[in-house]
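# Coordinate inspection notes
One-letter residues, chain by chain:
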Amino acid sequence: MRKVITGQEMDDLIKAGKSWKDLPEDAILAPAAEDLAAELPGYPGRERQVPAEAQPTHSWTPTPPPARNPAPAAGPPWEAVTGQYDAFYRSDLNFRRSEEICDIGRRMWAREYVDGNGGNISIRVGKNLALCTPTLVSKGFMKPEHICLVDLDGEQKAGTLRRTSEILMHLEIMKAQENAVACVHCHPPYATAFAAAGVQPPNNILPEYEIFIGQAPIADYVTPGTLDMAKKVAALSGDHNTILMANHGVVAWSHISVEDAYFKMEILEAYCRTIMVTTQLGRMPNRFTPEQMKALLDIKQTLGVPDPRFGLQVDRLKADDEQWRPGVTCIPNPPADCNCPPSDELDPEAAELVRAVTAKIMERLQS
């Protein structure tokens, strides 16, 4: 059995004038002994403390990835790419971008923003080219070799699978916004509920939403995948980076990265969920004052995020949500300070239904 040298034993050896050679060759030093070992004459250093049997018996060199053709860095101002599309598609840079798309796809699938083969993602890789997701493949199980290369008219230039049918929406946004580097489209449930109801999420409630999104307008419903739908969405992209699509879902674009475009989905979905939960409390949410909104917009303007409210007078920054109101609330005895909407502002049909149900309940209780 190998000898274990304790801290006390090492201290005794030092005091006795012993040297390193006096220790057994295979001795193991306890942590406290290691701290004192440097004072022992002949100490060779910590690198000599690994027993021979613990030393690696072989060396290992990672296998380098397959060689790919180098590609020019892409980003505004975009470089035009013509010909040799397959070589460009297989470059190291575009392989890494394809990996980014797959990573974002997995994150959307894990958060249940997409189901089946829904949703699509794109990254602009040149003045006239973009990488995009394929059709009929779950966003949670894509591989880099599934990603497609298309030009900004939607014609596929490389890739073994067929490109997504909704890429035209991404491409029209990229044509309209020269600094758009990526787009993400998916169907987050709470945000899509607002889109299905035709209600734009209210403003002046949470700072993160105001700074990174601000306003999410609703594009009229048009058959998905059509150029008409793509143009309706792109027409709103100048003032907004996140757009609700009526009865469909959400699309966001970024001037920074595909991850930034995806972040907008998380921010919007969390915001819409918070709004819905807030209204269940039976109170109207507190709202930012115009002065507070002005301070948030000043921060936002430094980030390069578009917002149609830039430059407005402070008194025009108050909350104005004609489409939105909290859901019907039934509180038997609302508190005196409750700022719930008056009963005459509730949906007349819903109010009548509440009265009818209440009458039936009271009738049964009295019988």
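Residues numbered from 1 in each chain as written. Predicted model: local features only at pLDDT ≥ 70, side-chain atom pairs only at ≥ 80, totals over all residues. Heavy atoms only, no water.

### With respect to the overall build of the protein
Rule in force here: A run of H or I in DSSP becomes a helix once it reaches four residues, and a run of E becomes a strand once it reaches two; helices and strands are each numbered from the N terminus. Exposed residues in this analysis have more than 50% of their type's maximum accessible area, buried residues have under 20%, and partly exposed residues fall in between, with area computed by a 1.4 Å probe over protein chains only. For this analysis, residues touch if any pair of their heavy atoms sits within 4.5 Å. All accessibility values rest on the Shrake-Rupley procedure with a 1.4 Å probe; residue burial counts only the protein chains present in the view.
A tally of helices and strands in the protein yields 11 helices and 10 strands. Residues classed as buried in the protein amount to 41% of the 367 residues present. A separation of at least 24 residues holds for 64% of the contacts in the protein among residues at least 6 apart in sequence. When the accessible area of the protein is evaluated, it comes to approximately 20500 Å², of which 53% is carbon and sulfur surface.

### A few points about the packing of aromatic side chains
Spelled out, the test is: Geometry of aromatic contacts follows a simple scheme: Phe, Tyr and Trp rings, the Trp one being its six-membered ring, pair when their centres are within 6.5 Å, and the pair is stacked under 30 degrees between planes, edge-to-face over 60, tilted otherwise.
Per the stated rule, a full pass over the model turns up four aromatic pairs. On the numbers, 5.0 Å between centres and 70 degrees between planes, the contact of tryptophan 109 with phenylalanine 141 is edge-to-face. Of this pair, tryptophan 109 sits in helix α4 (residues 92–110) while phenylalanine 141 sits in the loop between β4 (129–132) and β5 (148–151), and the two are 32 residues apart along the sequence. Plain terms: the ring middles of tyrosine 113 and tyrosine 262 are 6.4 Å apart, the flat faces sit at 40 degrees to each other, and that makes the pair tilted. Taken together, the residues span a long stretch of sequence, with tyrosine 113 in the loop between α4 and β3 (120–126) and tyrosine 262 in helix α9 (residues 258–279) at a distance of 149 residues. In this structure an aromatic cluster arises from ring pairing among Tyr113, Tyr262 and Phe263.

### Some remarks on the packing of helix α6 (residues 189–197) against α9
Definition in use: Whenever a helix is involved, its axis is fitted only over the stretch in contact; in every case the axis is a line through C-alpha atoms, and angles between N-to-C directions fall within 0 to 180 degrees. Comment on the angle field: the value is read as roughly parallel under 35 degrees, roughly antiparallel over 145, roughly perpendicular from 65 to 115, and oblique elsewhere. The nonpolar class holds Ala, Val, Leu, Ile, Met, Phe, Trp, Tyr, Cys and Pro. Asp, Glu, Lys and Arg form the charged class, and all remaining residues, Gly among them, are polar.
Interhelical geometry of α6 versus α9 gives an angle of 70 degrees and a closest axis separation of 7 Å. Classified by the interaxial angle, the pair formed by α6 and α9 is roughly perpendicular. Counting all contacts with α6, which are made through Pro189, Tyr190, Ala191, Ala193 and Phe194, the residues of α9 involved are Leu268, Glu269, Cys272, Arg273, Ile275 and Met276. Classifying every residue of the contact of α6 with α9 gives nine nonpolar, no polar and two charged.

### Focus on the side chain of serine 237
You can see serine 237 is positioned in the loop between α8 (227–234) and β9 (242–245). Residue serine 237 is classed as buried on the basis of its relative accessible area of 0%. Excluding residues that lie within four positions of it along the chain, serine 237 makes contacts with Ile173, Ala176, Gln177, Ile243 and Trp253.

### Side note on the pattern of salt bridges
Here is the rule: When a carboxyl oxygen of Asp or Glu lies within 4 Å of a side-chain nitrogen of Lys or Arg, that pair is called a salt bridge.
This structure, assessed with the given rule, holds 17 salt bridges. The salt bridge partner of aspartate 298 is lysine 294, with a shortest N-O separation of 3.0 Å. You can see aspartate 298 and its partner lysine 294 sitting in helix α10 (residues 290–302), four residues apart, about one turn around the helix. Residue classification places lysine 294 among the partly exposed residues on the basis of a relative accessible area of 30%. Each of Asp153, Glu172, Lys175 and Lys231 takes part in one network of salt bridges that share partners.

### Comments concerning the sheet that holds strand β6 (residues 156–158)
Cut-off, in case you're wondering: Here, strands pair whenever DSSP counts at least two bridges between them.
The strand order β6-β5-β4-β3-β7-β10-β9-β8 describes an open sheet built from eight strands, whose pairing is mixed. A strand with exactly one partner marks an edge of an open sheet, and here the two such strands are β6 and β8 (218–219). Where β4 meets β5, four bridges bridge the pair, whose relative direction is antiparallel. Each bridged residue has a counterpart across the sheet, and for leucine 131 the counterpart in β5 is leucine 149. Contacts from α4 reach β3, β4 and β7 (182–186) within the one sheet, and its direction differs from that of β3 by about 160 degrees.

### A few points about the confidence of the model for the protein
Stated formally: By definition, pLDDT measures how confident the predictor is in each residue, and it falls between 0 and 100.
Mean pLDDT over the protein: 83, with 81% of residues reaching 70 or higher. Between residues 46–60, whose pLDDT stays under 50, and residues either more than four places distant or in other chains, the model counts nine contacts.

### A word on unusual backbone geometry
A positive phi is found at glutamate 112, a non-glycine position, where the angle reads about 65 degrees. By secondary structure assignment, the location of glutamate 112 is in the loop between α4 and β3. Here glutamate 112 falls in the exposed class, since its relative accessible area comes to 61%. The phi dihedral of asparagine 204 is positive, around 65 degrees, even though this residue is not glycine. Note that asparagine 204 resides in the loop between α6 and α7 (207–212). Taking the relative accessible area as the measure of exposure, asparagine 204 reaches 2% and is therefore buried.

### Let's talk about empty space enclosed by the protein
Over the atoms a probe the size of a water molecule is rolled, and this reveals where empty space is left. Selection rule: Within this scheme a cavity is a closed region of a 1 Å grid, computed over the protein atoms alone, that accommodates a 1.4 Å probe without allowing it to escape, whereas a pocket is open but has protein on both sides within 12 Å along at least five of seven lines; lining residues each have an atom within 4 Å of a point. Grid points are joined across faces, edges and corners, and a volume is the space filled by probe spheres set on the points.
All told, the structure shown has three cavities of 30 Å³ or more when counted by the stated rule. For the largest cavity, the calculated volume is near 50 Å³. Surrounding the largest cavity, Ala219, Asp220, Tyr221, Val222, Met229, Val233, Met245, Ala246 and His248 form its lining. The residue inventory of the lining of the largest cavity, partitioned by class, reads seven nonpolar, one polar and one charged.

### Some remarks on the side chain of serine 138
In this structure, serine 138 sits in the loop between β4 and β5. Residue serine 138 is classed as buried on the basis of its relative accessible area of 18%. With residues up to four places along the chain from it excluded, the contact list for serine 138 reads Trp109, Gly116 and Asn117.

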